[in-house]
Amino acid sequence: MAVLQHELTLGEAADLLSRALPGHRVEILQGRLTVTPPPDGSHALSLTKVCRAFERAGIGGSGAEWAQSLGLWLPTLPEDFAIPDLSILDEDFRDAHVTKNYYAPNVFRLVVEVTSSNWSDDLGPKVECYAQAGIPAYLVADRKHDEVLLYTDPADGKYPDPVRYKRGQSVPVPESVGVSLELSVDTLLDGDD
C-alpha cells in the first residue's frame, strides 16, 4: 500500500509548531522558521513597565494603541511574519488585517523587542525585515550587549545606523509615535525602575 506524504509549507510548519509549543513565539523571518521560548521574568516585567509608561503618557487619546505579541505581516517573502514583543499601532489597526493574525506594516508606528536567547534575530534579520516593511521606529533592548538601540526613518528598505543608549540614560520615543515619552534604559533592559 502506498502512503501519500504531504510536504509542509513554512506556514503550515509554523502553525504546527505554534500548537505544539504553547507559550513559544514562532516566526518566519526571511524564509527561516524561528522558535523562541517563553520570556523570563525580567523580559516580561520590562514590557509591562513600558506599557504602563505609554499609558501614563496618554497613548489612549493619541490615535494610537499598544499591543503585545501582535502578528506583523512582512513583505520580505510570501510567508514571512514577525511577532514583536510590543507594538505601538494606529488605533484602527484592525482594519489592516492581512491574513491569520497578521496586520499590515503601515499601521505600526514603533516595534519594541527585548532580546532573549534569540538575540541575533532581533539584531540581524528583524532589523532588515522591519526596515523593508517601512516600520518608522524599531527599539531593541539588547540584553546580550547591555544597551538599547533605536532605529528610525528607514529609506530604500534600510535603517541608518542606530542611536545607542547605555545604562543611566533615557531613550526619547520618536515623535512619529504620537506621545511624548522617554524610556529608561535600565527599565528596558531589566524591568527595574
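Residues numbered from 1 in each chain as written. Predicted model: local features only at pLDDT ≥ 70, side-chain atom pairs only at ≥ 80, totals over all residues. Heavy atoms only, no water.

Overview of the sheet that holds strand S3 (residues 64-68)
At step 1: In space, the 6 strands of this open sheet follow the order S3-S6-S9-S10-S11-S12, with mixed pairing throughout. In this open sheet, the two edge strands, each paired with only one partner strand, are S3 and strand S12 (163-165). Across the sheet, the mean angle from the axis of one strand to that of its neighbour is 15°, orientation sign disregarded.
At step 2: Bridge analysis of strand S9 (residues 108-114) against strand S10 (residues 137-142) gives 4 bridges, and the strand direction is parallel. When the sheet's bridge partners are listed, Val 111 is paired in S10 with Tyr 138. (Pairing = 2+ DSSP bridges. Helix = DSSP H or I, 4+ residues; strand = E, 2+ residues; numbered from the N terminus. Axes fitted to C-alpha atoms, helices over the stretch in contact; angles between N-to-C directions.)

With respect to the pattern of salt bridges
At step 1: Using the criterion set out here, one finds 13 salt bridges in the structure.
At step 2: With a closest N to O distance of 2.5 Å, Arg 32 and Asp 121 form a salt bridge. A residue pair is termed long-range when its members are at least 10 positions apart, and Arg 32 in strand S2 (residues 32-36) and Asp 121 in helix H3 (residues 119-123) qualify at 89 residues.
At step 3: You can call Arg 32 partly exposed: its relative accessible area is 37%.
At step 4: Note on Asp 121: relative accessible area 8%, which makes it buried.
At step 5: Between Glu 147 and Arg 164 there is a salt bridge, with the nearest N and O atoms lying 2.6 Å from each other. Of this pair, Glu 147 sits in strand S11 (residues 147-152) while Arg 164 sits in strand S12; the two residues are 17 residues apart in sequence, bridging distant segments of the chain.
At step 6: Residue Glu 147 is classed as buried on the basis of its relative accessible area, which comes to 7%. (Salt bridge = Lys/Arg side-chain N within 4 Å of Asp/Glu carboxyl O. Buried < 20%, exposed > 50% of the residue type's maximum accessible area, 1.4 Å probe, protein only.)

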